[in-house]
Amino acid sequence: MKGHIEDKEFGKIYVELRRGMTSVRFTYHTDGSLLMRAPFGVSVADLKRMVDMNREQLRRLPRPEGVSFHLGQVIECYKCRVIIESQNRMPGYILNHWDEDTLHLQVHESADLNDEGVKRTISTVIGRAMDVQAHAALLPFAHKVADELGLRPAGFEVGRGMRKLGHCTSKRIIQLSRNLMFLPQELIRYIICHELAHLTHMNHSPEFHALVNQYTDGHERDLEQQLRHFHFPILK
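Residues numbered from 1 in each chain as written. Predicted model: local features only at pLDDT ≥ 70, side-chain atom pairs only at ≥ 80, totals over all residues. Heavy atoms only, no water.

### Concerning helix α1 (residues 44-53)
For step 1, the next point in the chain: Residues of α1 that are buried include every one of L47, M50 and V51, and no others. For α1, the angular spread of the buried residues around the axis is 100°, confining them to a single face.
For step 2, the next point in the chain: On its buried side, α1 packs onto β1 (2-7), β2 (11-18), β3 (25-28), β4 (34-39) and α2 (55-60). (Buried < 20%, exposed > 50% of the residue type's maximum accessible area, 1.4 Å probe, protein only. Helix = DSSP H or I, 4+ residues; strand = E, 2+ residues; numbered from the N terminus. Arc of directions from axis to C-beta. Contact = heavy atoms within 4.5 Å.)

### Side note on the packing of helix α4 (residues 185-197) against helix α5 (residues 206-215)
A pair of packed helices is characterised by two quantities: the angle between their axes and the separation of those axes.
For step 1, the next point in the chain: Running from N to C, α4 and α5 cross one another at 140°; their axes reach a closest spacing of 9 Å. Comparing their axes, α5 and α4 come out oblique. The handedness of the crossing between α4 and α5 is right-handed. Between α4 and α5, the contacting residues are R189, Y190, C193, H194, L196 and A197 on the first element and F208, L211, V212 and Y215 on the second.
For step 2, the next point in the chain: Across the contact of α4 with α5, the residue classes break down as 8 nonpolar, 1 polar and 1 charged. (Axes fitted to C-alpha atoms, helices over the stretch in contact; angles between N-to-C directions. Parallel < 35°, antiparallel > 145°, perpendicular 65-115°, else oblique. Left-handed = near helix turned anticlockwise from the far one by under 90°. Nonpolar A, V, L, I, M, F, W, Y, C, P; charged D, E, K, R; others polar.)

### What to know about the pattern of salt bridges
For step 1, the next point in the chain: According to the stated counting rule, one finds 16 salt bridges in the structure shown.
For step 2, the next point in the chain: Residue E16 pairs with R18 through a salt bridge whose shortest N-O separation is 3.0 Å.
For step 3, the next point in the chain: The salt bridge involving R59 is made with E56; its shortest N-O contact spans 2.4 Å. Highlighted residues: R59 and E56, both in helix α2, separated by 3 residues, approximately one helical turn.
For step 4, the next point in the chain: Take R59: its relative accessible area is 44%, and that puts it in the partly exposed class.
For step 5, the next point in the chain: Residues joined by salt bridges that share partners form a network here, namely D7, E9, D52, R55, E56 and R59. (Salt bridge = Lys/Arg side-chain N within 4 Å of Asp/Glu carboxyl O.)

In structure tokens:
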């Protein structure tokens, strides 16, 4: 069960209630949002009390770095890249065009790249570009991984989530976020393997994790840690 609570200090805290948990766990997600996992059945009041009890610990948790952009920046993506450049033709506009596997994203020379609105617009343009590239590059890779493992999902789809990078539906369709395009190939494969394992176990039981570990040649825990510390280059 998923939802969120509001806190004056930490803002929106995303909550996952899980059966079988006996204690609370806090982590910062890769997009900078605070995630709270707690036992199934606890009340909102209990969740808020848990935040208060762990407030000092939360203040010490390392947070992902903020998103920043600068001229000349190169953002390496899966099978492509983005270069941020300057243009002086159209104030207030962000121009972009593809040159083979490179997206040239051109911001007007008067734009303040530290402005949150400008960051949001740049992130939106890059995200839309990755949506197209995900269909061209990510989905074929997912089919290849499934074939290597001898698995047959009903299909693959491209989604847009930053917190939810993958999902296996009850119809055995696997949805992969376009934001996987920012990850290195080994983490993309890990998320694909994670979702493929849900074809056998629609839960996060020990048996499920054992299967993911098998699909990743014994590296599930290490890959999960790498993913938790990955810094996405655009705003969610």
